[in-house]
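# Descriptive structure summary
Each chain is listed here by its residues.
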Amino acid sequence: MAKPKHIAVIRLSAMGDVAMTVPVLRALVLQYPEVKLTVVSRPFFQPFFRDIPNVNFFAVDVKQRHKGFVGLLRLFNDLRKLNIDAVADLHNVLRSHVVRNLFTLSGKATATTDKGRAAKKALTRAENKVLEPVKPMVERHADTFKALGLPINLAHPKFPAKTVLTPEVITVTGLKDQKWIGIAPFAQYQSKVYPLDLLQEVIDQLALDLENKLLLFGGGAKEIQLLNQLKKNHVNVEVVAGKLNLNQELDLISNLDVMLSMDSGNAHIAAMLGVKVITLWGATHPYAGFVPFNQPMENCIIADRDKYPLLPTSVYGNKEVPGYEDAMRTISPQTVINTIKKELK
């Protein structure tokens, strides 16, 4: 099979999943500089790919032009005009199936990411649980390109240089003369959120060292309100949520010394920029394949399975199990603090 020269890469959402594709695409264009990629995704995610050579971005208009089945036909026709000769479907949902199959019928090479649903179901079921790591999603995405004749080596990743911060960002953060610790305390589902009273202990202890600066990430009015409560009156804690656009936030994250995150998109954004990441896991588990890229397993701090043996109960955290609401309380603030301090050294 001839190597494709121009690949449409479909990954429509969500934030963490889109971020996980970035290291794979970065490795691909470095190892195959003759290959051109067109990333097909929502307009919001375009900044994720801003510094990868040979990558163009195609913004999908899911609200108007590309809405519904007729919109998918338009999307296929819009992409076909770009002289695409292969499609990598990294999303693997009904909408991407339609577009991919249309390219298959038109004679183009296509491949799709196997999400490993059976293995993930075995990991999260209550009975006959198989507590073994499933293949990480970044490796599954690499397999998709291998199926197109482009095997990718992810063993020695290259990351972008730390971005020079603009005056607009420095107005929010101040100059970098301390260790910068990013903290992203929220996630889509409550089962993945570390209790805020315990997080307050982490913040209070880390803030005692004035060589640290803590930068709190989030979004939306309710989260910003909670972040301001976590800040208290600490002079070296800053709420950055709501003060920066996505490009500026990426610039800031690239300059962090470490990011503390839940199992959420912020972890994968930091990882795609080569930042050290520490993650906290409640109902979900790193074995499900969502460990942030190039991060050691010891930086994934999980809830106590001796006390909560059904963990993990969900791949995404969207299933509630009675009696498991306090599982994350088994992660001690001191364990979190010690892991952050280890990375700062």
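Our structure is the block above this text.
In short, a report on the structure.

Cut-off values and rules
Residues numbered from 1 in each chain as written. Predicted model: local features only at pLDDT ≥ 70, side-chain atom pairs only at ≥ 80, totals over all residues. Heavy atoms only, no water. Core = buried A, V, L, I, M, F, W, Y, C linked by side-chain atoms within 4.5 Å. Buried < 20%, exposed > 50% of the residue type's maximum accessible area, 1.4 Å probe, protein only. Helix = DSSP H or I, 4+ residues; strand = E, 2+ residues; numbered from the N terminus. Contact = heavy atoms within 4.5 Å. Phe/Tyr/Trp six-rings, centres within 6.5 Å; stacked < 30°, edge-to-face > 60°. Axes fitted to C-alpha atoms, helices over the stretch in contact; angles between N-to-C directions. Parallel < 35°, antiparallel > 145°, perpendicular 65-115°, else oblique. Left-handed = near helix turned anticlockwise from the far one by under 90°.

Residues Ile7, Leu28, Leu37, Phe48, Phe49, Phe145 and Phe217 are the most contacted members of the largest nonpolar core, which totals 64 residues. Tallying contributions element by element places helix H1 (residues 15–31) first for this core, with nine residues. Excluding its chain neighbours within four sequence positions, the residues that come into contact with Phe49 are Val18, Thr21, Val22, Leu25, Val39, Val55 and Phe57. Ranked by size, the runner-up nonpolar core spans 29 residues in total, among them Phe186, Leu227, Ala241 and Ile331.

This part is about the environment of Lys3. Summarising the element assignment, Lys3 is placed in the segment before strand E1 (6–10). Excluding its chain neighbours within four sequence positions, the residues that come into contact with Lys3 are Tyr32, Gly149 and Leu150.

This paragraph deals with the packing of aromatic side chains. Throughout the structure, instances matching the rule amount to seven aromatic pairs. Consider the rings of Phe290 and Tyr316, whose centres lie 6.0 Å apart with planes at 50 degrees: the pair is tilted. With Phe290 in the loop between strand E10 (277–281) and strand E11 (300–302) and Tyr316 in the loop between E11 and helix H11 (333–344), the pair connects residues that are 26 residues apart, well separated along the chain. When its relative accessible area of 7% is taken as the criterion, Phe290 is described as buried.

Attention shifts here to the packing of H1 against helix H5 (residues 137–147). Where H1 contacts H5, the two axes come as close as 9 Å, and the packing angle between them is 40 degrees. Accordingly, the angle class assigned to the pair H1 and H5 is oblique. The crossing of H1 and H5 is right-handed. Contact residues: H1 offers Met20, Thr21, Val24, Leu25 and Leu28, while H5 offers Met137, Val138, His141, Ala142 and Phe145.

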